[in-house]
Amino acid sequence: MLSRQHKLVVMKIVSLFSVVRGYNIPIIVLAQYLSAIFILAPEKRALDILLDFYLFLIVFASAITIASGYIINNFYDSQKDLINRPNKSMLDRLVSQKTKLTVYFCLNFLAVLMASIVSWRAFLFFSGYIFLIWFYSHKIKKYPIVGNLMASFMAVIPFFAILLYFYNKISFEEIEDHMSHFMVISAHAVFLFLLLLIREMIKDLENLKGDLANDYRTIPIIYGEKVSKQVITVLTFLTIIPVYILVNIYDVGYMDIYFYVCFGVLLFFLIFLWKSNSKEQFLMLHNVLKFLIVSGVFCIVLINPSVLWHGRELISKY
C-alpha cells in the first residue's frame, strides 16, 4: 500500500499529465513521423527516418512546446475551466500555479535548446512558436474568429516544423523537384486546419457558460448560436477543396478511402449539429471531430501501405 505522501505525489503526477494533456502528445509525435515517412521522404527507408537524431530533436521539441502550451493555456483558463470542466479542473488544481509556470519555462528552454542543436532556423522557428502560443493564451483567445483561427493554425504548425527540417537539407535548385511534397503536406494541413477550426467553434458552443462568465467574446456569445452553426456548416463544405486537391491532383494512395468516409461522417455531423442545443450534444459532436482527426493520423499509412511490409522485412533481417 502506498503511504499518504506517496499517493499525493502520484496524484500530482496524474494532475500534471492532465494539464499537459499527455494523451494528445503521442498522437502528435506519431503524426509527425508518419508525415515524414509517407509524404516528405517516401524515397528513404522508414528506419533511416526513425533513427535520424536531428529529426528526433525536432519532433521532441514540438512535443514539449505543445505540452508547455497546454500548461500556459491551463494557467490562464483556470477560472473558466471551473465552470466548463469542474472535474478536470479539480484534478488540475492539485499542481500549484507556481509549479505549472516552473515546468512551463523549463519545457520551453529545453525545446529551444534542442532546436538550436539542429539549426538556427529551427531555433527561430520554435522561439516564434513559443511566443505565439503565449500571446494566444494571454490575449488573443478571448476574441471571436481570430482566436479560433489562431488556435487552429498553431495546432498544424508542428507539421511545418518537419517540412522546414527536410527542406533545410536540400539545395535551392532542388526545391522545385520537391514541390509536390510541399503541396501534399500543405493540403493535408489545410484539411486538418479546417477540422480543428470546426472543433474550436464546437467548443465555443459547448463552453458557453464558462466563456460568458469570464467575458470571452466568442462567436456564439456575440452573434448567437444560429450564426455559429452557419459558419461551421460553411467550413465543413470548405473541406472539399483540400480533399479535391489531394485525391484528384496528387496521389495519396488508399488514403482517399479515409476522405470519402470523412465526408459521410461530416454529413451526419451537420444534420446532428442543427438539431443540437445542449452541452452534452455539442460534446458528442466534439468527440466525433476528435475521432476524425486521430483516425486521419493513423490513415496516413494508407498513402503507401507497402512501407509497412518493407519495414517488417527489414526488421526480420536483424
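Look up: the structure comes first, before these words.
These remarks concern the structure in this document. (Residues numbered from 1 in each chain as written. Predicted model: local features only at pLDDT ≥ 70, side-chain atom pairs only at ≥ 80, totals over all residues. Heavy atoms only, no water.)

To continue, consider the overall build of the protein. Helix and strand counts for the protein stand at 17 helices and zero strands. Within the protein, counting contacts between residues at least 6 apart in sequence, those at least 24 apart form 78% of the total. In the structure as shown, the protein presents an accessible area of about 16800 Å², 70% of it carried by carbon and sulfur atoms. (Helix = DSSP H or I, 4+ residues; strand = E, 2+ residues; numbered from the N terminus. Contact = heavy atoms within 4.5 Å. Areas by Shrake-Rupley, 256 points an atom, 1.4 Å probe, with all protein chains shown as cover.)

This part takes up the packing of helix α8 (residues 120–138) against helix α9 (residues 146–167). Where α8 meets α9, the axes come as close as 11 Å, and the angle between the chain directions of the two elements is 165°. Considered as vectors, α8 and α9 are oriented roughly antiparallel to each other. Both α8 and α9 take part in a crossing whose hand is left-handed. Mapping the contact onto sequence places R121, A122, F125, F126, Y129, L132, I133, F135 and Y136 in α8 and G147, M150, A151, F153, M154, I157, P158, F160, A161 and L164 in α9. Taken together, the residues of the contact of α8 with α9 break down into 17 nonpolar, one polar and one charged. (Axes fitted to C-alpha atoms, helices over the stretch in contact; angles between N-to-C directions. Parallel < 35°, antiparallel > 145°, perpendicular 65-115°, else oblique. Left-handed = near helix turned anticlockwise from the far one by under 90°. Nonpolar A, V, L, I, M, F, W, Y, C, P; charged D, E, K, R; others polar.)

Turning to the nonpolar core, a few remarks are in order. Grouped together as the largest cluster of nonpolar side chains are 88 residues, with contacts concentrated most on L55, I202, Y258 and F269. By residue number, the principal contributor to this core is helix α10 (residues 179–206), which donates 13 residues. (Core = buried A, V, L, I, M, F, W, Y, C linked by side-chain atoms within 4.5 Å. Buried < 20%, exposed > 50% of the residue type's maximum accessible area, 1.4 Å probe, protein only.)

Attention now moves to a nonpolar patch on the surface. On the surface, F53, Y54, F56, F60, F109, L110, L113 and I117 cluster together to form a nonpolar patch covering roughly 780 Å² of accessible area. Elements that contribute at least two residues to the nonpolar patch include exactly α4 (53–76) and α7 (97–118). Following the sequence through the fold, F60 ends up in helix α4. On the accessibility criterion, F60 (35% relative accessible area) is partly exposed. (Patch = residues over 30% accessible without salt bridge, like charges linked within 9 Å, V, L, I, M, F, W, Y side chains within 5 Å. Salt bridge = Lys/Arg side-chain N within 4 Å of Asp/Glu carboxyl O.)

Relative to the helices and strands, A151 resides in helix α9. For the pair formed by A151 and K141, sequence separation is 10 residues and the distance between their alpha carbons is 7.7 Å. For A151, the residues in contact, after removing those within four places along its chain, are Y136 and E200.

One pass over the structure, following the stated rule, counts zero disulfides. Unpaired in terms of disulfides, C299 finds its nearest cysteine sulfur in C262, a separation of 8.1 Å. (Disulfide = S-S within 2.5 Å.)

The tally for this structure, following the rule as stated, stands at two salt bridges. Its salt-bridge partner being E200, residue K203 comes within 3.5 Å of it at the nearest N-O pair. Linking K203 with E200, this pair stays in helix α10, spanning three residues, or about one helical turn. Of the two residues examined, K203 and E200, each falls in the buried class.

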